[in-house]
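Here is what each chain is made of, one letter per residue.
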Amino acid sequence: MAASGMEEERVSGEVRREEEEDDDVPQLSAAAMDALREFLAEQQRPEEQAEEGGGGGGVELLAEDWRMSQFWYDDRTARALVEEVLRLVSPSGSGSAAGAVACIACPTLYAYLKKTDPGVPAQLLEYDERFGQYGGDFTFYDYNRPEELPVAMEHAYRVVVADPPYLSKECLEKVAKTVSFLAQPEGEVQKDRALELLNVHPCGFRPQHSNKLGNEFRLFTNYDPEDRLDGWDLGTK
């Protein structure tokens, strides 16, 4: 009996020590746990979207990195932009590309474009070097150095699509220099500045992002799309 009692006391002591050690483990607050769960869910979302669309023409995208202001377009927005880009590079409707496309900081568009028509010559200019997986279609791009690009890219693109990563005057001005560098000679809060720098107008079509951002975004063109993309919205102030 004495031996049994000592054993019980020893086991009880071990349990108490384990409980004390558990108490020493840092514990996350409820708010921190909720934030962690939300972050992990967002990281998982691109993989789930790729799996769901794998058999129906879905597009596999890398996970967004919010530290680099990355927010991917939703499916409706990406497909509408691809349809317009393909019309512009194949004006005859023959399906054969008559010019190359430059995608400045819009990897969603590039991915959907190449999925829809792999034969379209397209270049993705991006700061995120993960997109180096696209091989020769990727060019490292820092908007702070708007014209530090390969000479062969100067005035080489029939269509240039740019999505400035930041809603600032400085960013738009520098991206505008890149557009001018790339283009062949021929944002809501940014509407007046965009018109001044690039001679573009907002369209009625409203881009959306897969993560439902709170900011209001606009699509601008330097040509009148007429009945496409809901036309120019010239009445917007």
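Counting restarts for each chain: residues are numbered from 1 in the order of the written sequence. With the structure being a predicted model, the display of local features is reserved for residues of pLDDT at least 70 and the display and counting of side-chain atom pairs for 80 or more, all residues being used for whole-chain, interface and lining totals. Only heavy atoms go into the side-chain values, all of them from the structure, while hydrogens and water stay out.

Engineer: What am I meant to see in the packing of helix α3 (residues 75-89) against helix α4 (residues 107-116) here?
Structural biologist: A packed helix pair is summarised by two numbers, namely the angle formed by the two axes and the spacing between the axes. One can describe the packing of α3 onto α4 by two numbers: an axis separation of 9 Å at closest approach and a directional angle of 65°. In the packing of α3 onto α4, the handedness of the crossing is right-handed. Along its contact with α3, which presents D75, A78, R79, L81, V82, V85 and L86, the element α4 presents T108, L109, Y112, L113 and T116. Side-chain classes follow a simple rule in which Ala, Val, Leu, Ile, Met, Phe, Trp, Tyr, Cys and Pro form the nonpolar group, Asp, Glu, Lys and Arg form the charged group, and the remainder, Gly included, forms the polar group. Looking at the contact of α3 with α4, its residues break down into eight nonpolar, two polar and two charged. Under this scheme, a helix contributes an axis fitted over its contacting stretch, all axes are lines through C-alpha atoms, and angles between N-to-C directions fall in the 0 to 180 degree range. Helix and strand definitions follow DSSP, with helices as H or I runs of at least four residues and strands as E runs of at least two, each counted in order from the N terminus. The crossing is said to be left-handed when, going from far helix to near helix, the turn is anticlockwise and less than a right angle, and right-handed when the turn is clockwise. The contact definition used throughout considers only heavy atoms, calling two residues in contact when any of these lie within 4.5 Å.

Engineer: What is the right way to look at the nonpolar core in this model?
Structural biologist: One recurring pattern in soluble globular proteins is that nonpolar side chains are buried together. Throughout, nonpolar core names a set of buried Ala, Val, Leu, Ile, Met, Phe, Trp, Tyr and Cys residues whose side chains join them through atoms within 4.5 Å. Only protein chains enter the accessibility calculation, which uses a 1.4 Å probe; a residue whose area is less than 20% of its type maximum is buried, one above 50% is exposed, and one in between is partly exposed. V85, V101, C103, L109, L113 and V159 are the most contacted members of the largest nonpolar core, which totals 30 residues. For this core, the secondary-structure elements that each account for two or more residues are α3, β1 (101-104), α4, β2 (122-126) and β4 (159-162). Among the elements that line this core, the one with the most residues is α3, at seven residues. V159 has contacts with V85, L88, V89, A100, V101 and A102, leaving out every residue within four places of it along the chain. Core analysis: the second largest hydrophobic core is formed by 15 residues, I104, Y143, L149 and M153 among them.

Engineer: Teacher, can you tell me more about the sheet that holds β1 here?
Structural biologist: Sheet strands pair by backbone hydrogen bonding; their relative direction is either parallel or antiparallel. When DSSP finds two or more bridges between a pair of strands, those strands are recorded as paired. Here four strands make up an open sheet; going across it, the order is β3-β2-β1-β4 and the pairing parallel. If you trace the sheet from one side to the other, it starts and ends with β3 (138-140) and β4, each paired once. Geometrically, the sheet is characterised by an average inter-axis angle of 20° between neighbouring strands, direction not taken into account. Alignment of β1 against β2, held across four bridges, turns out to be parallel. The residue of β2 that forms the bridge with A102 is Q123. Sheet strands touched by α3: β1 and β4. Its angle to β4, the strand with the most contacts, is close to 155°. Most of the contacts of helix α5 (residues 169-182) go to β1, to which it runs at about 170°, and overall it touches β1, β2 and β4.

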